There are 2 protein chains.
Amino acid sequence: MVTIYDIAEKAGVSAMTVSRVINNAGRISEKTRTKVKRVMDELGYVPNQMARSLVLQETRLLFLMITDITNPFYTTLARGAEDAAKKHGYRLLFGNTDEDLEKENDYIDAVLKTRADGVLLAPAGDASLPHLEMLRRHRVPFVLLDREVPGMDSDVVLGDSKEGARQLVKQLVGGGHRRIALINGSRTISSARERLEGYREALKLNDLTYDEALVLETSFGPRSDLTVIEAWLDRMRPLPTAFVAGNNVLAVELMRALRSRGLRVPEDASLVCFDELASYAEMDPFLTVISQQAYQFGYLGMQMLLDRIQSRDEQAPGWRKIVLPAELIVRRSVRQL
Amino acid sequence: MVTIYDIAEKAGVSAMTVSRVINNAGRISEKTRTKVKRVMDELGYVPNQMARSLVLQETRLLFLMITDITNPFYTTLARGAEDAAKKHGYRLLFGNTDEDLEKENDYIDAVLKTRADGVLLAPAGDASLPHLEMLRRHRVPFVLLDREVPGMDSDVVLGDSKEGARQLVKQLVGGGHRRIALINGSRTISSARERLEGYREALKLNDLTYDEALVLETSFGPRSDLTVIEAWLDRMRPLPTAFVAGNNVLAVELMRALRSRGLRVPEDASLVCFDELASYAEMDPFLTVISQQAYQFGYLGMQMLLDRIQSRDEQAPGWRKIVLPAELIVRRSVRQL
DNA sequence: CTGTTAGCGCATTCAT
DNA sequence: ATGAATGCGCTAACAG
């Protein structure tokens, strides 16, 4: 491996001079600078980031943990985060937790060992608290995305889940629907709770009674069991005329289940949900959705994180909470009754 | 920051003993071992990976570069790679190049600086050659995925693109189609070339003449311009009865363009393509496709890479080339004429 | 079974 | 404008 000492020797200077050339630090004569640079090219020198990090006590490495790499909401978010990181000269390490606390734990461990400068994460759920405490304890700045964790104050970027749920229900009610079901993620996840809350509020606001039988709590992730949804459908008599899905994955799963029962959307049942589907499904977009600004989640979250990193030693400003507005996009998946 | 010296002092042993406990190396009395471990817990010690890597000359960090993070083919591939890496105790850094040589170059740079132990990459194109030479020069083992690069021998995992294209054309011909168009990625990408080749061969085999006007060369990426496709459609008179798309993104773009012209699939035009669409589009899968084993691309590629890393100093075995078979899945997007 | 010495590659003092 | 000494946190090699 080529080191600054190799360069130094061949260029007839000291290692320190080489280091200065690399970092554009201190005053160096133009002559030696060009000479050193030429030797670096000749030898194909690449600075050793580890050695550098070891002495500088910073890695310029950030970590992004998402809960489902196949969900376009999160990949779009990842793009935003990456763009913002790159703009500031940081690199980004991705991790996919699948909403699995053990996997999340592994990644937290990796973060600490790697001495990443900061972490951006969508926590698996409320039970992620010890992981966050771990980060806090080791003074690793982090920003939460999409989900809060009770008991832990921090910077966070959220969507307006409650308002989104209200709007979805309102849209359905506007279409004449009065029997409206909800399929949702686990209540151990703040966004799922908020969505349930918004759903209930909107029902009340429209003089509709909340019926537990019309609510299914399952998983936001791609592993949710189709038979569970089918059984739920079969339990409800009569079938609701409309459904709210807590996210895009659940919307798709529900459509599959409906199809397996010979039911079409929107002819036999109306459906609205949170988040856009994959762009590939958008050849002919027909689901009415609350569209969240996925890219902004990542971009703004990353900016907050970088702010936090750069002011690490200064007195910390208060925790910031960004709530991105919910935008309703009306398409064709709601039938007018 | 807590170091092994802090542990050592508090536990009344030497730093070396602490190191041994951490790595389960050498013989240590059970008494000191438990004592050291307790102190480590108390102080919340986490090993410094950088210091470790610096002396061990290995990072146990691998890098995966893909060309489109929003393409489910690549995210599925990424899952496979991640699973295989994790199984062997390696961590994986993702990079998204968008088929952009500059971005690819930045990532190559990052790989070298970080001293990643190895790289798995879908190259942006033939022009990625200098990047690969860079890796080779610095003895960073790498495995190519999905695409070869002329002039560079290496391990590689490919799909059988030529055979896939043949099968798609054959399927169309079997449906009575004789005027078959191809929309494809850039010819600077090996898989695009292979697909074009297979398309031409299949035409010849069926006594159909190759017509340049029926072939559009654009980009596999998400940035391809819709107007280019629309112009192409408008140029072709009469319109082909069937289309082959070089990948899933192009299939979607083409469908959009067809729709903008009031044309439906398969009623007005048949369409087949490489790669499945996003799972979310698969609620009602209707495209006839060559389904590639995306997960296997990543998993097998990673295994080859790890093999290569582990035998780095031994005499290198010859380069290995895995060609994954093309599987035709017939659905409803081809109309029988 | 445990400790000492040395060095991984680099940048921050302080000299000159 | 440049160089020498020192240490970041850790482990390999050797000594005991």
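Residues numbered from 1 in each chain as written. Chains lettered and ligands numbered in written order. Predicted model: local features only at pLDDT ≥ 70, side-chain atom pairs only at ≥ 80, totals over all residues. Heavy atoms only, no water.

Chain A goes by LacI family DNA-binding transcriptional regulator in an unreviewed UniProt entry, where it is assigned to Cohnella hashimotonis.

**Structural notes on the interface of chain A and chain B**
Of the residues lining the interface, 54 residues belong to chain A; the matching set on chain B comes to 54 residues. Between chain A and chain B, roughly 5100 Å² of surface is buried when both sides are summed, and carbon and sulfur atoms account for 61% of that area. The residue aspartate 68 of chain B makes a salt bridge to arginine 79 of chain A at a minimum N-O spacing of 3.8 Å. Inspection of the chain A/chain B interface yields 16 residue pairs in polar contact (both at pLDDT 80 or more). Those elements giving two or more residues to the side of chain A that touches chain B turn out to be α3 (30-43), α4 (49-56), α5 (72-87), β2 (91-96), α6 (101-114) and α11 (248-260) of chain A. The element best represented in the side of chain A that touches chain B is α6 of chain A, accounting for 7 residues. Classifying every residue of the side of chain A that touches chain B by side-chain character gives 24 nonpolar, 13 polar and 17 charged. (Contact = heavy atoms within 4.5 Å. Buried area = accessible area lost by both parts, 1.4 Å probe. Salt bridge = Lys/Arg side-chain N within 4 Å of Asp/Glu carboxyl O. Polar contact = N/O pair within 3.5 Å; in protein donor to acceptor, adjacent residues only side chain to side chain. Helix = DSSP H or I, 4+ residues; strand = E, 2+ residues; numbered from the N terminus. Nonpolar A, V, L, I, M, F, W, Y, C, P; charged D, E, K, R; others polar.)

**Some points on the pairing of β2 of chain A**
Residues and elements named next belong to chain A. For β2, the buried fraction is high: 6 of the 6 residues fall into the buried class. Residues Arg91, Leu93 and Gly95 point to one face of β2 and Leu92, Phe94 and Asn96 to the other, with burial holding for every one of them. Alignment of strand β1 (residues 61-66) against β2, held across 6 bridges, turns out to be parallel. Bridge pairing links isoleucine 66 to asparagine 96 in β2. Crossover connection from β1 via α5 to parallel β2: handedness right-handed. (Buried < 20%, exposed > 50% of the residue type's maximum accessible area, 1.4 Å probe, protein only. Pairing = 2+ DSSP bridges. Right-handed = clockwise from strand over helix to strand, strands pointing away.)

**Examining the relation of the copies chain A and chain B**
Related by rotation about an axis and a shift along that axis, the two copies of the chain form a pair. Superposition record for chain A on chain B: RMSD 0.1 Å, screw rotation 180 degrees, translation along axis 0.0 Å. Both copies of the chain, as the preceding transformation shows, are related through a two-fold rotation axis. Comparing interface residues between copies, 100% of those in chain A also lie at the interface in chain B; the contact surface is shared. (Least-squares fit on C-alpha atoms with pLDDT ≥ 70 in both.)

**Regarding the sheet that holds β1 of chain A**
Residues and elements named next belong to chain A. Read from one edge of the open sheet, 6 strands run β2-β1-β3-β4-β5-β11, paired in parallel fashion. Every interior strand has two partners, whereas the edge strands, β2 and β11 (321-324), have only one. Sheet twist, expressed as the average angle between the axes of neighbouring strands with direction ignored, equals 15 degrees. The pairing of strand β5 (residues 155-159) with β11 spans 4 bridges and is classified as parallel. Opposite valine 156, over in β11, you have lysine 321 as the bridge partner. (Axes fitted to C-alpha atoms, helices over the stretch in contact; angles between N-to-C directions.)

**Section: the pairing of strand β8 (residues 242-245) of chain A**
All names here are of chain A. Burial along β8 is two-sided: the face carrying Ala242 and Val244 and the face carrying Phe243 and Ala245 are both buried. Pairing of strand β6 (residues 180-184) with β8 involves 4 bridges; the strand directions are parallel. Bridged to leucine 182 within β8 is valine 244. Both β8 and strand β9 (residues 270-274) contribute to a ladder of 4 bridges, which runs parallel. Bridge pairing links alanine 245 to cysteine 273 in β9. Chirality of the crossover, the property in question, places the unit of β8, α11 and β9 among those that are right-handed.

**With respect to the packing of helix α2 (residues 15-23) of chain B against helix α3 (residues 30-43) of chain B**
Residue and element names in this part refer to chain B. Across the interface, α2 lies against α3 with an axial gap of 10 Å and an inter-helix angle of 90 degrees. By the angle class used here, α2 and α3 are roughly perpendicular. Counted together, Val18, Val21 and Ile22 of α2 and Arg33, Val36, Lys37 and Met40 of α3 form the full contact between these two elements. When its residues are assigned to classes, the contact of α2 with α3 shows 5 nonpolar, no polar and 2 charged. (Parallel < 35°, antiparallel > 145°, perpendicular 65-115°, else oblique.)

**Regarding helix α1 (residues 4-11) of chain B**
Residue and element names in this part refer to chain B. Along α1, the residues classified as buried are Ile7, Ala8 and Ala11. Buried residues along α1 cover an arc of 100 degrees about the axis, so they all sit on one side. For α1, the exposed residues set more than 90 degrees away from the buried face come down to Tyr5 and Glu9. Those residues of α1 that are buried lie in contact with α2 and α3. One side-chain oxygen of the residue at the start of α1 lies 3.1 Å from the amide nitrogen of tyrosine 5, identifying that residue as threonine 3. Just downstream of α1 lies glycine 12, where phi reads positive at about 70 degrees. (Arc of directions from axis to C-beta.)

**What to know about the protein's contact with DNA strand D**
Around DNA strand D there are 27 residues in total, and Thr17, Arg20 and Arg27 of chain A together with Ile4 and Tyr45 of chain B lie nearest to it. In DNA strand D, atoms within 4 Å of the protein come 66% from sugar and phosphate. The separation between a phosphate oxygen of DNA strand D and a polar main-chain atom of serine 14 of chain A is 2.7 Å. Take tyrosine 5 of chain B: an N or O atom from its side chain is 3.1 Å from a base nitrogen of DNA strand D. Taken together, the residues of the surface near DNA strand D sort by class into 14 nonpolar, 9 polar and 4 charged. (Near = heavy atom within 4 Å.)

**Some details on the packing of aromatic side chains**
We describe a pair of aromatic rings using the distance from one ring centre to the other and the angle between the two ring planes. Residues and elements named next belong to chain B. Within this structure, the stated rule accounts for 13 aromatic pairs over all chains. Measuring from centroid to centroid gives 5.3 Å for phenylalanine 73 and phenylalanine 297, while their planes differ by 75 degrees, and the two rings are edge-to-face. Taken together, the positions of phenylalanine 73 in helix α5 (residues 72-87) and phenylalanine 297 in helix α12 (residues 294-310) put the pair 224 residues apart, joining distant regions of the chain. Residue classification places phenylalanine 73 among the buried positions, given a relative accessible area of 5%. (Phe/Tyr/Trp six-rings, centres within 6.5 Å; stacked < 30°, edge-to-face > 60°.)

**Concerning the UniProt feature "domain: HTH lacI-type" (unreviewed entry) in chain A**
The sites that carry the UniProt feature "domain: HTH lacI-type" (unreviewed entry) are, in the present numbering, residues 2-56 of chain A. Here residues 2-56 of chain A runs as 71% helix and 0% strand, with 20 Å between its end C-alpha atoms. (UniProt positions renumbered as here; feature names shortened; annotations may be inferred.)

**Observations regarding the side chain of asparagine 184 of chain B**
Residues and elements named next belong to chain B. With respect to the helices and strands, the residue asparagine 184 is situated in strand β6 (residues 180-184). Of the polar contacts made by the side chain of asparagine 184, one reaches the backbone oxygen of alanine 192; its length is 2.9 Å. Setting aside anything within four residues of it in sequence, one finds asparagine 184 in contact with Ala192, Arg195, Leu196, Leu216, Glu217, Thr218, Ser219, Phe220, Gly246 and Leu250.

**What about the pattern of salt bridges?**
All told, the structure shown has 46 salt bridges over all chains when counted by the stated rule. Here arginine 38 of chain B makes a salt bridge to glutamate 42 of chain B, at a shortest N to O gap of 3.5 Å. Residue arginine 38 of chain B and its partner glutamate 42 of chain B are located together in helix α3, separated by 4 residues, close to a single helical turn. Put simply, Asp68, Asp98 and Lys103 of chain A together with Arg79 of chain B are held in one network by salt bridges that share partners.

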